[in-house]
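For reference, the chains in residue letters:
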Amino acid sequence: MKIVSVRSHVLQCDMPEVLGYSQQYYSKRSAHLVEIVTDEGLVGWGECFGPGNIALANKGIVEGVIAPMILGMDPLDRDVIWHKVYNLMRDHGQKGMPMQSLSGVDIALWDLAGKIAGLPVHKLIGGAHRTSVTAYGYGMMLRPESTADMAARFVDEAAAIKDMGFVATKMKIGQGPKDDVILAEAVRRGVGDDFPFMADANHAYMTADAFYVGRALEELGAYWFEEPVAPEDLDGYRELRAGLKVNISGGEAEFNRWGWRQILENRGLDIAQPEVCALGGITEYLRVLALAHAHFTPVANHVWGSAISVATNLQLLAAMPPMPGGLFPWEPMLEFDTTENRFRDELLKEPLDIQGQVARTGRVAIPQGPGIGVEPDPDVIAKYEV
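Predicted model only: the values in this text are computed from it and were never measured.

Reading the values: the criteria
- Residues numbered from 1 in each chain as written.
- Predicted model: local features only at pLDDT ≥ 70, side-chain atom pairs only at ≥ 80, totals over all residues.
- Heavy atoms only, no water.
- 1 Å grid on protein atoms, 1.4 Å probe; cavity = no way out; pocket = protein on both sides within 12 Å on 5 of 7 lines; lining within 4 Å.
- Points joined across faces, edges and corners; volume = space filled by probe spheres on them.
- Helix = DSSP H or I, 4+ residues; strand = E, 2+ residues; numbered from the N terminus.
- Nonpolar A, V, L, I, M, F, W, Y, C, P; charged D, E, K, R; others polar.
- Axes fitted to C-alpha atoms, helices over the stretch in contact; angles between N-to-C directions.
- Parallel < 35°, antiparallel > 145°, perpendicular 65-115°, else oblique.
- Left-handed = near helix turned anticlockwise from the far one by under 90°.
- Contact = heavy atoms within 4.5 Å.

**Student:** Describe the layout of surface pockets, and please don't skip the residues or the numbers.
**Tutor:** In this structure, the largest pocket encloses a volume near 780 Å³. Together, 32 residues line the largest pocket, and Y21, Q24, F49, P51 and E252 are the ones closest to its centre. Contributing elements (two or more residues each) for the lining of the largest pocket: strand 1 (3–21), strand 2 (24–38), helix 1 (52–70), helix 3 (97–117) and strand 5 (169–172). Per element, the largest residue contribution to the lining of the largest pocket is five residues, and it comes from strand 2. Partitioning the lining of the largest pocket into residue classes produces 12 nonpolar, 11 polar and nine charged.

Shown next, in the form of structure tokens:
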């Protein structure tokens, strides 16, 4: 069997409202899918992390750089392909967009491997430790409005997410230390005293301001403080973890086993958040997971993107070993974006219906079909493709 085609599909649509995080506001949603076809007509699907113009640039890498390297190769030679591509791109990008592009290709190869074997990806990895997972809902996105208006909205949004059946919720921060404390207090009011919430700064702060916000999050009983400082600031992460009681999480902007080795050896994270669609795909994610567990660091996958990303992460969450084990081990949660996402909710021939599952049972079932267990609708791709 040989690879005969590698195609990139960048999807984009207008959003019903402007949303934002600490770095920018945005009014369009995008997704970047990778389609690999074999000479026997089998098709594998993957996804590359990176929105907007980043996705368009990554399309050039997938089709113009990676595709010529792997056409004619056996799609089952995933590790051979991974290292061939990485080694030939190493001089030009050990992190960032080349790795995002390789991630989508690698996920598509795993999807193909599952279809060839007639097994879901979690079986190829070694089996399912769980057949369903809980989910946390994130919302409370930033908007260009006053802090008072945003705080009032956050109270209502946080309460609504709790009522949807999610086991926890996550908010965005990054307005400035004092404003962020006001917003976090609003979320705590919205969910009540005992419901877990998390705060994501998207690396908005220097260490001193991160300590200010982190101490307030401690008092409010937040579960984790996500990306408090720049991903390059490993010393800042270590200082925050040593000086705060709230869990410090991060890692979505780190790539491959070598980048993750530095983070984990630095002991700056309570919770690791690898992004499979960015760090190098499933092949490299499994190495990063092993590194994290070797450092006794629990993993809560970062999930952003289309239904392809969600399905891929469900396969990985199923196969994640309990850590450290016992009657009540750390259990991973699925991250779920509660804002409108057509590329998640409309993309598949058979939708995952995450919110419906959560509302009915409080859990999300692991897809059992071959590969990542889902198939995109070509008409939806054609409708939204750039």
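**Student:** Which residues make up the packing of helix 9 (residues 256–265) against helix 11 (residues 281–294), and what are the values?
**Tutor:** Close contact between helix 9 and helix 11 brings their axes to 9 Å; oriented N to C, the two are set at 20°. The pairing of helix 9 with helix 11 is recorded here as roughly parallel in orientation. Helix 9 and helix 11 meet at a crossing whose hand is right-handed. Together, N256, R257, W258, W260, R261 and L264 of helix 9 and E284, R287, V288, L291 and A292 of helix 11 make up the contact between the two elements. Class assignment of the residues belonging to the contact of helix 9 with helix 11 gives a composition of six nonpolar, one polar and four charged.

**Student:** Give a detailed account of empty space enclosed by the protein, specifying residues and quantitative values.
**Tutor:** Empty space left among the atoms is revealed by rolling a probe the size of a water molecule over them. If you walk through the whole model with that rule in mind, you get two cavities of 30 Å³ or more. Roughly 90 Å³ of volume is contained in the largest cavity. Every residue lining the largest cavity is listed: E227, P231, L234, Y237, G250, G251, A253, E254, I263, N266, G268 and L269. Class assignment for the residues of the lining of the largest cavity results in six nonpolar, four polar and two charged. Size it by volume and the second largest cavity reaches roughly 70 Å³. The wall of the second largest cavity is formed by Y138, V303, W304, G305, V310, E335, F336, D337, N341 and R344. Sort the elements by how many residues they give to the lining of the second largest cavity and strand 10 (residues 333–337) lands first, with three residues. Partitioning the lining of the second largest cavity into residue classes produces five nonpolar, two polar and three charged.

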